[in-house]
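Survey of secondary and tertiary structure
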Amino acid sequence: MKKIVDKVLEKYPAKTFKTRKKHIIVKDDSYEIPQIEANTRTIPGIITNRGCCYAGCKGVVVGPIKDMVHIVHGPIGCSYYAWGTRRNKAKAEDGEDNFIQYCFSTDMQESDIVFGGEKKLRQAIKEAMDLFNPKAISISATCPVGLIGDDINAVAAEAEKEYGIQVLAFNCEGYKGVSQSAGHHIANNNFIKNVIGKGERKYDKKWNINLLGEYNIGGDTWEIERILKKIGYNVVATLTGDGSIENIRNAHKANLNLVQCHRSINYIAEMIETKYGIPWVKVNFIGIDATIQTLRDMAKIYDDPELTKRTEEVIAEEVAAIEGELVYLKQRLEGKTAFLYVGGSRSHHYQNLLATFGVETVLSGYEFAHRDDYEGRDVIPTIKPDADSKNIEELKVEKDEENYRIILSEERYEKLKKDVPSLGNYAGLIKESKNNNIIIDDLNHYETETFIKVLKPDMFFSGIKDKYAVQKMGVMSKQLHSYDYSGPYAGFKGAVIFAKDVLAGVYTPGWRYVTPPWKTEPLIEGTIEKEGAAC
Ligand code: SF4
């Protein structure tokens, strides 16, 4: 595999070769996890799949909160292209609002760039109040806002006073950081500073949890909640799929945080632990084995015989309901190979799900993950911030004396960590990848095409930008951001829906017609007669 990687890289000019080489590793059988370069600036002109800071902040973390009006301050493009394209589903709670289907923009024009856009932003907030009367508003900055110096924080503070609702300003201009990742961090900081801990609800159930970094794509959160509620858990808040501002304000009332997408939400998980004493555990609800492992880990943390019993009963019921289908699906998919290239967590999560059906992942990578998502959190102290990450605030939180609770004593925490290694930790993608697998950070278009030509995978999981380029090469490509408008893929039922979708894609009769018959079969048939005879 190393030779294959070198062959792909040798086409680059020397400087590009040197940079890209550090972003590609081949897993080998040594016990050492190899170091990968990640979360650094994209090489200009290389056709990356990455997005911007605004996409990570408003598009991923803030946008799914259903009962807020999310105003995008900027020219119309940033808003329009993000309108309804991320399938974070939401339904209104009893008597509450749901604004998910709307797209709110200040639609900045030339005069706003020249004279400033604050006036227009104030007007947009007023219109949102008059028309929708929401209980909270967010303002997300786009590229020009930071450059012309609009003070969205001052406008937000003014609006809070005037309308008596919470108005959150996010300074998530697209050029900050190197990818969506900076936007996640900015959103996390704002929630900790201004939202979490402000609620006063009381919860009488024993097993109160928050689901962090789960965005309800295609209904995933609902499927996870269905399983958790069946066992007896009470979901206090989800951040932020199908999330509501009031639930998030009360997130400090839970006694365990489940972290599904480590990249986008680990900051909040860590800061909640420091401020309120709530432990977090890395979970994975994608794949049968991973879901079972997660549910058992949770039961171990609570260490309540009633919960443990209920957990096993639910696992048995859920597995029994899909067992027959799993056998059939595995028979059809076993032995196939896959590439996985998704944002910051799915390339790891889906390896487990694919393995359930006997599909091996031979190449995987992330758009915007950091070294800890690849190599595990142990490497965090060795990560040196560069100029691009230094301009994102590293928030330092302190113990909230009033609301801090000791949920797990130090002694019990240490003991539990041996049994539940994912308690307060994430081991990363590389550890669970198979030997000889290629792992690539910020995969670009040239590398995608070349690795497909060499390794000939049966399926490629990625996003909308590369889907059709890959399918034109005759390889089934399935979107793991939008699920190709299907889902849910999480939990037990989701695993079956996923495998059925993959099966339909791989066995679609169209693949037989990619190569026209005249390229593989003779056009005319004839025989050569002996001398003197007619042809
Ligand atoms: S890079 Fe700037 S202009 Fe482009 S979507 Fe992001 S915020 Fe908008």
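This structure is a prediction, so every number in the text was calculated from the model and none was measured.

Okay, the pairing of strand β12 (residues 438–441) next. Of the two faces of β12, the one lined by I438 and I440 and the one lined by I439 and D441 are each fully buried. Two strands pair when backbone bridges link them, and strand β1 (residues 24–26) and β12 are joined in this way by three bridges, in the antiparallel orientation. If you follow I24 over to β12, its bridge partner there is I440. Note: strand β11 (residues 360–366) against β12, four bridges, orientation parallel.

Another aspect to go through is helix α22 (residues 491–506). With 16 residues, α22 extends 22 Å from end C-alpha to end C-alpha; this agrees with the ideal 22 Å at 1.5 Å per step. Those residues of α22 not exposed but buried are G491, F492, G494, A495, V496, F498, A499, V502, L503, G505 and V506. Those residues of α22 that are buried lie in contact with α10 (220–231), α13 (288–302), α14 (305–333), α15 (346–356), β13 (459–462) and β14 (476–479).

Below, the discussion takes up the site of the ligand. Near the ligand, the surroundings consist of C52, Y54, C78, T142, C143 and G174. Taken together, the residues of the shell around the ligand sort by class into four nonpolar, two polar and no charged.

This part takes up the nonpolar core. Residues F191, I196, L228 and L258 are the most contacted members of the largest nonpolar core, which totals 101 residues. The contacts of L258, once residues within four sequence positions are left out, are I209, N210, L211, L212, L228, V281, V283, F285 and M298. Core analysis: the second largest hydrophobic core is formed by 21 residues, M108, L121, V145 and I165 among them.

A separate point is the pattern of salt bridges. Tallied over the entire structure, the rule returns 35 salt bridges. Between E312 and R296 there is a salt bridge, with the nearest N and O atoms lying 2.8 Å from each other. Residue E312 is found in helix α14, and its partner R296 is found in helix α13; the two are separated by 16 residues along the sequence. K500 is the partner of E325 in a salt bridge, and the nearest nitrogen-oxygen pair spans 2.7 Å. Placement of the pair is E325 in helix α14 and K500 in helix α22, with a sequence separation of 175 residues. A residue is classified by how much of its surface remains accessible, and E325, at 33% relative accessible area, is partly exposed. The exposure class assigned to K500 is partly exposed, which follows from its relative accessible area of 41%. Each of E223, R226, K230, E317 and E318 takes part in salt bridges that share partners, so that together they form one network.

Attention now goes to the packing of aromatic side chains. A full pass over the atoms with the stated rule returns 17 aromatic pairs. Here the aromatic cluster, defined as three or more aromatic residues joined through ring pairs, consists of Y350, F461, Y483, Y489 and F498. Over the aromatic face of Y426 sits the side chain of K282, whose NZ or CZ is 5.2 Å from the ring centroid. The positively charged end of K399 is found above the aromatic ring belonging to Y404, 4.6 Å away from the centroid.

As a further point, take the packing of α10 against α22. Where α10 meets α22, the closest approach of the two axes is 8 Å, and the angle between their N-to-C directions is 140°. Where α10 approaches α22, its residues E223, R226 and I227 are matched on the opposing element by G491, F492, K493 and G494. Taken together, the residues that form the contact of α10 with α22 break down as two nonpolar, two polar and three charged.

Once that is clear, we can look at the UniProt feature "domain: Nitrogenase/oxidoreductase component" (unreviewed entry) in the chain. Residues given the UniProt feature "domain: Nitrogenase/oxidoreductase component" (unreviewed entry) here are residues 52–504. Regarding residues 52–504, the helix share stands at 47% and the strand share at 14%, and the terminal C-alpha atoms are separated by 33 Å.

Time to look at the pairing of β14. Neither face of β14 is exposed, since M476 and K478 on one face and S477 and Q479 on the opposite face are all buried. Pairing geometry for β13 and β14, over four bridges, is parallel. Bridging from a neighbouring strand, M459 pairs with M476 of β14. Assessed by its sense of winding, the connection that carries the chain from β13 through helix α21 (residues 464–471) to β14 is right-handed.

In the segment running from L239 into T240, the intervening peptide bond is cis, with an omega of -5°. Following the sequence through the fold, T240 ends up in strand β7 (residues 234–240). At the junction of G487 and P488, the peptide bond is cis and its omega measures out at -5° in the coordinates. Position of P488 among the secondary structure elements: in the loop between β14 and α22. Even without glycine at this site, N39 takes up a positive phi of about 55°. Judged by its relative accessible area of 17%, N39 is buried. Phi is positive for N216, which is not a glycine, with a value near 55°. Along the chain, N216 falls in the loop between β6 (208–214) and α10.

A separate point is α13. Helix length check: α13 (15 residues) gives 22 Å between terminal C-alpha atoms against 21 Å at 1.5 Å per residue, within 8%. Most of α13 sits inside the fold, with eleven of its 15 residues counted as buried. By the burial criterion, the buried members of α13 are I288, A290, T291, I292, T294, L295, D297, M298, A299, I301 and Y302. Following α13 by one or two positions, D303 adopts a phi angle in the positive range, close to 50°.

Moving on: the sheet that holds strand β4 (residues 136–141). Pairing within the open sheet is parallel, and its four strands lie in the order β3-β2-β4-β5. Looking at which strands have only one partner, the edges of the open sheet turn out to be β3 (104–105) and β5 (166–170).

Strands pair in a sheet through their backbones, by hydrogen bonds, and they do so in one of two ways: parallel or antiparallel. One open sheet holds the four strands; their spatial order is β7-β6-β8-β9, and the pairing between them is parallel. Since the sheet does not close on itself, it has two edges, and those belong to β7 and β9 (280–282), each with one partner. Between one strand axis and the next, the sheet turns by 20° as a mean value, whatever way the strands run. Relative to β7, β6 is paired through six bridges, and the arrangement is parallel. In the strand pairing of β7, I209 is matched with V235.

The rules behind each value
- Residues numbered from 1 in each chain as written.
- Predicted model: local features only at pLDDT ≥ 70, side-chain atom pairs only at ≥ 80, totals over all residues.
- Heavy atoms only, no water.
- Buried < 20%, exposed > 50% of the residue type's maximum accessible area, 1.4 Å probe, protein only.
- Helix = DSSP H or I, 4+ residues; strand = E, 2+ residues; numbered from the N terminus.
- Pairing = 2+ DSSP bridges.
- Expected span 1.5 Å × (residues − 1).
- Contact = heavy atoms within 4.5 Å.
- Near = heavy atom within 4 Å.
- Nonpolar A, V, L, I, M, F, W, Y, C, P; charged D, E, K, R; others polar.
- Core = buried A, V, L, I, M, F, W, Y, C linked by side-chain atoms within 4.5 Å.
- Salt bridge = Lys/Arg side-chain N within 4 Å of Asp/Glu carboxyl O.
- Phe/Tyr/Trp six-rings, centres within 6.5 Å; stacked < 30°, edge-to-face > 60°.
- Lys NZ or Arg CZ within 6 Å of the ring centre and 35° of its normal.
- Axes fitted to C-alpha atoms, helices over the stretch in contact; angles between N-to-C directions.
- UniProt positions renumbered as here; feature names shortened; annotations may be inferred.
- Right-handed = clockwise from strand over helix to strand, strands pointing away.

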